[in-house]
Amino acid sequence: MAEKRDYYEVLGVDRGADDSAIKSAYRKLAKKYHPDVNPGDKEAEKKFKEATEAYSVLSDPQKRQQYDQFGHAAFEQGGGGAGGYGGFGGFGGFGGADMGDIFGDIFGDLFGGGGTRRRASNSPMKGANVHASVRITFEEAVFGCEKELELTLKDTCEKCHGTGAKPGTSPETCPKCHGSGQVVYTQQSMFGTIQNVQTCPDCQGTGKIIKEKCPDCRGTGFIANRKKIQVSIPAGIDNGQSIRIREKGEPGTNGGPRGDLMVEVIVARHPIFQRQDMNIFSTAPITYAQAALGGEVRISTVDGDVMYDVKPGTQTDTKVRLKGKGVPSLRNKSIRGDHYVTLVVQVPTKLNEEAKEALRRFDEACGNAPSGSHPSGTEKKKKFGEKLKDIFEG
């Protein structure tokens, strides 16, 4: 016969563990290896029995004292050992320990019995949330806006005032659950008496039976109506975020409050701007002359066009920052992100002969002339400016 493992080892606690630690350890093992959770698993059943045997001893102060002093020998020869436990066929061999109470305490939340308390199904309950969506433009997301939604929502039936019963009648207490909305099923098992609480099938948890239904709402207590809801879109909202409008959802039951309206915001794409958090990104084209000579260029922003002073010699893909031209913070409208602009030098695709000749002269002015005489440095600078003016303005 295999030697029994130490009870403290079985539960995974040390010898100085208090009652709470022992109970907690057993709870975890019992839930893990319970036969109802592991149907047909003999190894799990064996571990469950082993843990239960250990708990029945260590949870009893007198038995624990005997075990600490004599070990497993304290329960041998009719003292509650293997023979005393009756092969786990019943709980009488646990030295008089009421294992029904133990299981009611440990598995109350697992089986719905014991000390677990459930809220009655006919208690006041908040109504369900309603989900909707609204489409807005990029600029509306940045600066905020007002939108109107038209939705079908339920309201309390005016004829029966939400009772669901025909006027002149009233709902009756459900005879099956006696108005509680729940029924308790009790069954015997090898682990003792187990109670299972379920929603009453006759009244569906309302605790009431309606014999004569209201002709308007057909016994539901609610009438669906088309409603217009104003939605305030805050500045800085992003695509996919939702706005909660309190108590604009479905009506509650048994006097509970209405649910909420959850409006998801869908932001349309912008042809120029892209957003990342509070910052906006875009590109702006500039000419050769603007890139080489510098000067003001017009850049589009969500606030309108602004003039930006480009430095002489600006290269393509240069990034510039327009501070405070981004998206406002949802939490603080006075804080805004930035607008980052990538300057792209445009290359002409169609040139007439005059333009081509001008570009050749421009190339020569830049010091790329063929072999021959070369102008002095001062003359180069002078001709360079003159030729640029001829090329881009002439």
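Residues numbered from 1 in each chain as written. Predicted model: local features only at pLDDT ≥ 70, side-chain atom pairs only at ≥ 80, totals over all residues. Heavy atoms only, no water.

K.L.:
Give a detailed account of the overall build of the chain, specifying residues and quantitative values.
P.N.:
Regarding its fold elements, the chain presents ten helices and 15 strands. When each of the 394 residues of the chain is scored for burial, the buried share is 34%. For the chain, the proportion of contacts with a sequence separation of at least 24, taken over those separated by at least 6, is 63%. For the chain, the computed accessible surface area is about 24000 Å², with 48% contributed by carbon and sulfur atoms. (Helix = DSSP H or I, 4+ residues; strand = E, 2+ residues; numbered from the N terminus. Buried < 20%, exposed > 50% of the residue type's maximum accessible area, 1.4 Å probe, protein only. Contact = heavy atoms within 4.5 Å. Areas by Shrake-Rupley, 256 points an atom, 1.4 Å probe, with all protein chains shown as cover.)

K.L.:
Describe the side chain of histidine 270, naming the residues involved and giving the relevant values.
P.N.:
In this structure, histidine 270 sits in the loop between strand S9 (261–267) and strand S10 (274–276). Within the structure, the side chain of histidine 270 is placed 2.9 Å from the side chain of glutamate 139, a separation counted as a polar contact. Of the polar contacts made by the side chain of histidine 270, one reaches the backbone nitrogen of phenylalanine 273; its length is 3.1 Å. Not counting the four nearest positions on each side in its chain, histidine 270 is found in contact with Phe138 and Glu139. (Polar contact = N/O pair within 3.5 Å; in protein donor to acceptor, adjacent residues only side chain to side chain.)

K.L.:
Outline the sheet that holds S9, supporting the account with residue identities and numerical values.
P.N.:
Strand order in this open sheet of three strands is S1-S9-S8, and the pairing throughout is mixed. Each having just a single partner strand, strand S1 (130–136) and strand S8 (242–245) make up the two edges of the open sheet. With strand direction ignored, the average angle separating the axes of adjacent strands in the sheet is 25°. Pairing analysis gives four bridges linking S8 to S9, with the strands arranged antiparallel. Bridge pairing in S9 places serine 242 opposite glutamate 264. (Pairing = 2+ DSSP bridges. Axes fitted to C-alpha atoms, helices over the stretch in contact; angles between N-to-C directions.)

K.L.:
Just give me the short version of the sheet that holds S10, but keep the residues and values in it.
P.N.:
Strand order across the open sheet formed by four strands is S10-S11-S15-S14, with mixed pairing between neighbours. For this open sheet the edge positions go to S10 and strand S14 (318–322), each flanked by a neighbour on one side alone. Each adjacent strand pair in this sheet contributes to an overall mean axis angle of 30°, direction not counted. For strand S11 (residues 279–286) and strand S15 (residues 339–345), the ladder comprises seven bridges, and the chain directions are parallel. Bridging from a neighbouring strand, isoleucine 280 pairs with histidine 339 of S15.

K.L.:
Kindly report on the confidence of the model for the chain, identifying the contributing residues and their values.
P.N.:
Per-residue confidence for the chain gives a mean pLDDT of 81, with 79% of residues at or over 70. Predicted confidence in the chain is weakest over helix H6 (residues 108–111), with a mean pLDDT of 48, and strongest over helix H7 (residues 138–143), with 96. In the predicted structure, residues 78–101 sits below a pLDDT of 50 and forms 41 contacts with residues beyond four places in sequence or in another chain. (pLDDT = per-residue confidence, 0-100.)

K.L.:
How would you explain the nonpolar core if you had to name every residue and give the values?
P.N.:
In terms of nonpolar packing, the biggest core is built from 21 residues, with Leu11, Val13, Ile22, Tyr26, Leu58 and Tyr67 touching the most fellow members. Breaking this core down by element, the ones donating at least two residues are helix H1 (7–11), helix H2 (19–33) and helix H3 (42–58). In terms of residue count, H3 provides more of this core than any other element does, seven residues in total. Core analysis: the next-biggest nonpolar cluster, separate from the first, contains 19 residues, Cys145, Leu151, Ile229 and Val265 among them. (Core = buried A, V, L, I, M, F, W, Y, C linked by side-chain atoms within 4.5 Å.)

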